[in-house]
Amino acid sequence: MSKPILAHIPSGLRPLPQWVVWRYEEREGKRTKLPYRPHPQHRAKAKANDPATWGTLEAALTALETHRMEGLGFVFAQDGGIVGVDLDWKGHTGEGVPPQAQTVIDRLNSYTEWSPSRKGAHILLRGHLPPGVGNRKELAPGVELEVYDQGRYFTVTGERWEGYPQDLEDRQTELEALLLELFPPKVKPSVAPRPTPPVDLDDGALLERMFRAKNGTQLHRLWEGDTSGYPSQSEADLALAGSLMWWCGNDRNRADALFRKSGLYREKWDAKHYANGKTYGEATLERAYAPNPYDPQKGKDSTGGEDSEPLCPLDGRTGGGVVLGKPRYRIHRAVIEHGKVERGEKPEVSYYPLANFAAVITREIRRSDGLTSELWFELQGYAGAQPLPPARVKAAEFVALNWVTREWGSQAVVTPGQGAKDHLRAAIQYLSTPHRATVYAHTGWVRLGERWVYLHATGGIASGGAVEGLEVDLPPALSSFTLPSTSGDARALLSLLDAAPRGVTWPLLLYALGAAINYPDGSLYLAGPTGAGKTTLALLFQSLWGHAGAPPVSWEGTANALETLACIAKDALLLIDDYAPGGHERRRKELEGKAGRVLRSQGNNTGRPRLDGESNLRPDRPPRGSLLITGEDLHPEHSVMARALVLELRRGELNYTVVTELQRAAREGVLASAFTGWLLWLAERLDEVRDRLIQHRNELRALYPSTHGRTTDAVSRLHAVWKVVREYLAHSLREDELETLEAEVSTALAQVAQAQADYLRDADPAERFLPLLLGLLESKRAHLGNVDAPTEPPSHPERWGWAWQENLSGHLEAPQGRWMSQGPQVGWLDGEDVLLNPEAAYAALNRLASEAGVPLPTPRTLWKRLGDKGIIRVQKEGNSTRTQVVTRVLGHPRRVIHLYGYLISQTGNIGNSDKNPVQDDEQSVTGSDSVTGRFPVTPQPPTPQVDLLPEPLPEASGNKIETGNSLNPVQDGTKTVVTDVTGSGDTTPYRYANEGDTLEL
C-alpha cells in the first residue's frame, strides 16, 4: 500500500462525497483495481453508478488504513461537472512521457498526477463531455487515451506534476476542441436536399393561415406566451419554433424574426449557452428543423406526400436509423409510426402506427434523496393537437409501458400486436433528445461545489441568498416548507419565547434552531392535557420553515410513512402531532408500537434494513431531521422515553394574546424570514459551527449530570446550540441583553434536566418493582409462604396475600376460622426478607404490569437492574455475578430472588426530607392501627383463655400516633419534635426480642 500525498489532493475534490478505496484483485487472469466502499467497519465493493457506495475523503482515509487497501479513488458523478482524462503508456517502447500524451497534458493544462504504475497520468478538469463523442483513442502504438465524466472512478495518488495547476481548471473549450480532433464527426453520404420553395406570404398572412390550421388554437396560445401544458418554457419554445420553421419553409432568419414578436421571446433567446458561442435561440431553431416543410403552392409537404401540416410540435421527428433510405421511426400527425419494408418486385417502406399518441422523453431526471439516487424519465405527449399531462416515470418501469394508462388514461392506446410494445419503447427513446437534470427529494443542507445550500420546497438558500435553477420535489406533507430568500429581523425568533413559560419555550426554540445545524440524536416531546394548547404552540415553531395550517404529520400515519418523512425532512423540524393512546386496547398497543419504533429510530439514528425486489439489501433510511412530538400521554416504555426530552405544558400556561400576534407574524412570513437569516449566517460557516457545537456540548456535559447519559447529551446539546445562537445574536443585541438571556437558558435547561430525571425515574422498571409486588400481594392475586413451615402461614399473613376464612359451622369446639392462601405462591417470607420464585414471581408481576399498560422488561434485565440498585441480593460465582442467589428453602437449596426486608417494611413516607416533602396525609405508615399502613391490618382472630401480649410491630417507626401535627403522624425531615409527646423525636424501631419479653428499645 502506497499512501497518497494528501497535501497535493486538489481542494476542489476534497469536500465532495465521491470517494472510494481500491485494491488489486485477479479478474480472469488479469490484475485489476477494484473499488470498495469507504466504510469504517465493513468491507464491501463499491459501484461507480451508485452514490450510496461512495463516501467522504475522511471516511476513505479511515477505510484505507482499517482494511489495508492499496489507495484512494474518486468517482465521477452524473452531472458532477468534473472530467477525467486517463493517459496510459504501459505499452510504449520508448523512454519517458510519449510526446502524444505530453501534447494532451499541455493542451488541457489542468491538475495532473501520476497513475499508481507511473506509466500513465490522470488529468482532472472542470467541464462535461459533449454528447455523442467517443471516449477511447489510441494516440500512438502503446499510448491509450480514455475520457469520462460519469460512471467511472480514477485512482488518486496526489503525486502531482510540477508546473501544472494545483487544482481543477475550467477547460470546457479546450476539451471540446481536443475531442473534435480525436473523434471527428462521421459524415453520412446523403443525397443533396430537395430545395425548399419559398413561402410567398407576408408575416400577417402567414400567421393568419397558421392560426387557422387544425392545431391553430394551440399555436395561438403559444404565440401569446401561454406555456400551460408544457413541462417547461424551453419545451414551449421548441414547440413554437418547430411550427414556425415548418410554416416558414425552414427559413431560420424568418422564423427567428417571427419568434421575437411572440409572447415567448425573452433575453435568454440571445444568451450564449454553448462553448462554440451558439446562442440558445440558434440551437433551438436547429433542433426545430422540419423534414417536410410547408409548401404553399401544393398545400402538401415538399416531397409530394399527404398533407403534412403538423398536428403537434413533435411532428417531423425521426430516429432509429434508416430503412431503404427512410427513417425507421417517425412522428407524423401526432402519431408514432414504425417503418416496415413491404416485400415485392419493388420493395418499399410503409408506416404503421405504434400508438395513437406521440411522446418523447424531455428530461432524464436523477432524483436524489441524499442517500440514494434513482433515474426517472419525464415525458411530453400529445393526443392529436392536445398536449397530454407531463408524465414522470421511473426508468426501471419505462420498458413495460404500464405507465401509459396510469399517466394518460384510456385515451392513450398502444397498438396491439406482437412486438408493438418493444418497438414503441425503442421509438420513444430514439425520437427523444432529453436534457439531464437533478431533482432533490429532501430538505436540508447539500454541498454544491464549494458552498453549502439549504434545500426547501421551492429551491435553495446559500450564503448569498436564493440559488437559482434548483428543483426540489417534496411529498405533500412537506410541500409547505417554503422559505423566503430575504433575511428578517433576528429578534423575531426571540418573540417566540413569550408564548409560554420560558422553561418550555427556550428548549423548543433551541431545538428548532439546532435542527438546521445537525442531527440531534433524540426527539423533543411536548406533553400536556387536552386544551393546554400543545399543538398551537408547536405549530408556531414549525412555522419557522414557512409551514402554515394544520400539523404536517400526525400519528394516524403508518410507521413506514412516518419513518420516510423523518428521513426526507433533513436538517428540519418535523411536528408529529397528537399522541393519544386511549380507547381500545388494540389501538393503544398499535400506537405504542408505532411511536416506539419512530422514537427509537430517532434516538439511535438508525433505519430499518430493507430488501429490494431481488432480495438485495437496500441502504438504510435513518431519520435525518428533528422530531417534535405532541401528546396527552407519555410512551410507557422507559427506554423509549429516555430517547426523548420531555416538556410539560399545563392548562392556562399558554399566553393567547402573544400567540395571536405570533400567528399573524407566521402568516405574513415574518418568522420564516427570521429563520432565513439564521440559515444565511450558518451557510457561511456551517462546518465550523458543527465542530464548535460538538466542542461546546462536551464542555457543558458536566453542568447536567444525570443517571441516564441520554439526558446529559440532550440538555448539553441544547445549551451548546445556545452558545452558537448567542454568536449569531451578537450583532443584534447588547451584551447585557445577551447575559440576561444566558441566565434564562441556564435556568430553563436545569429545570428540563430535573424534570427529565423525574420522568425516567417514574418509568424505571426497578422503581416500579416494589409497588407492583406490594400491589400484587394486597390485591390477594398471589401470596408468600412460610420458608420454615410450608403448611403454616407466615407472620402477619394478611400482608402477604392470605385471607381469614371464618368457620360458619357453629360448633362450639371448632376453631373460629383459618388463614387461606390466595392466588399462586410467588415466594416465601424468611424473617423480614422475601425470597421470590423467579419464574412464578415474574409471571405474576408482568401480568399485573401489562394490565396497567406498561409491561416489564425481560426477567434477566429486570433482575439485573434490581441488583444494580441494591434492591436484591447478588452472589459472586467465579468471575460472574448472579442475581438468582442460592439459599435454603424448606430444607433444600434453590435459586431465588432475595429481596431485602427493610425495603418492604419501610413506611410510605420513607425518603421524605427537607428537599423532598410529601403530602403526608396521603401516605401510610406500616404497623399502626390508627395510622393506615401500606398493608391493611386485619385483626387476628381472638383465642379464648390465652393472655397474649399486643401484636408486635415488625418495624415500627418510633413516631407516636398523636404528634400534634394535624396531617403529619410521621416524624420526617420537615417537622420538628413535638413538645410533651414522648418519643416524637426518636425514629429507632421498637422490637420484641422474644414473645414473652417486655418491650425493648
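Preceding block: the structure.
Side note on the overall build of the protein chain
- Check the secondary structure of the protein chain and you find 26 helices and 41 strands.
- In the protein chain, once contacts between residues fewer than 6 apart in sequence are set aside, the share between residues at least 24 apart is 64%.
- Counting every atom, the protein chain has about 48800 Å² of accessible surface; 49% of that belongs to carbon and sulfur.

Concerning the nonpolar core
- Formed by 113 residues in total, the largest nonpolar core has its most connected members in W506, L537, W545, W555, F675, W678 and L729.
- If one sorts the elements of this core by residue count, helix α19 (residues 670–683) sits on top with ten residues.
- Residue contacts for W678: discarding those within four places in its chain leaves L513, A516, I517, V724, V725 and Y728.
- Counting 60 residues, the second-largest nonpolar core is a separate cluster that includes L238, A288, Y382 and A427.

Points about the packing of aromatic side chains
- Enumeration over the complete set of coordinates arrives at 28 aromatic pairs.
- An angle of 40 degrees between the planes, with centres 4.8 Å apart, marks the rings of W114 and W161 as tilted. Of this pair, W114 sits in strand β5 (residues 111–114) while W161 sits in the loop between β9 (153–156) and α3 (172–182), and the two are 47 residues apart along the sequence.
- The exposure class of W161 is buried, given its relative accessible area of 8%.
- Aromatic pair W804 and W819: ring centres 5.4 Å apart, planes at 70 degrees, arrangement edge-to-face.

Points about empty space enclosed by the protein
- Considering all chains together, one arrives at three cavities of 30 Å³ or more under this definition.
- Taken as a whole, the largest cavity holds about 40 Å³ of empty space.
- Forming the boundary of the largest cavity are L562, E563, A566, V598, S601, Q602, P623 and L627.
- For the lining of the largest cavity, the secondary-structure elements that each account for two or more residues are α15 (559–568) and α16 (585–604).

Considering the environment of L524
- The topology assignment puts L524 in strand β26 (residues 523–527).
- Distance in space between the C-alpha atoms of L524 and L508 is 7.8 Å, their sequence separation being 16 residues.

Some points on the environment of Q751
- Residue placement: Q751 occurs in helix α22 (residues 735–763).
- Residues Q751 and L647, spaced 104 residues apart in sequence, show a C-alpha to C-alpha distance of 9.8 Å.

Re the pattern of salt bridges
- Evaluated as defined, the whole model comprises 54 salt bridges.
- When the shortest N-O distance is used, the salt bridge between E735 and R726 registers 2.5 Å.
- The class of E735 is partly exposed, set by a relative accessible area of 48%.
- Each of R363, R367, E378, R392, E471 and D473 takes part in a single network of salt bridges with overlapping partners.

Criteria and cut-off values
Residues numbered from 1 in each chain as written. Predicted model: local features only at pLDDT ≥ 70, side-chain atom pairs only at ≥ 80, totals over all residues. Heavy atoms only, no water. Helix = DSSP H or I, 4+ residues; strand = E, 2+ residues; numbered from the N terminus. Contact = heavy atoms within 4.5 Å. Areas by Shrake-Rupley, 256 points an atom, 1.4 Å probe, with all protein chains shown as cover. Core = buried A, V, L, I, M, F, W, Y, C linked by side-chain atoms within 4.5 Å. Buried < 20%, exposed > 50% of the residue type's maximum accessible area, 1.4 Å probe, protein only. Phe/Tyr/Trp six-rings, centres within 6.5 Å; stacked < 30°, edge-to-face > 60°. 1 Å grid on protein atoms, 1.4 Å probe; cavity = no way out; pocket = protein on both sides within 12 Å on 5 of 7 lines; lining within 4 Å. Points joined across faces, edges and corners; volume = space filled by probe spheres on them. Salt bridge = Lys/Arg side-chain N within 4 Å of Asp/Glu carboxyl O.

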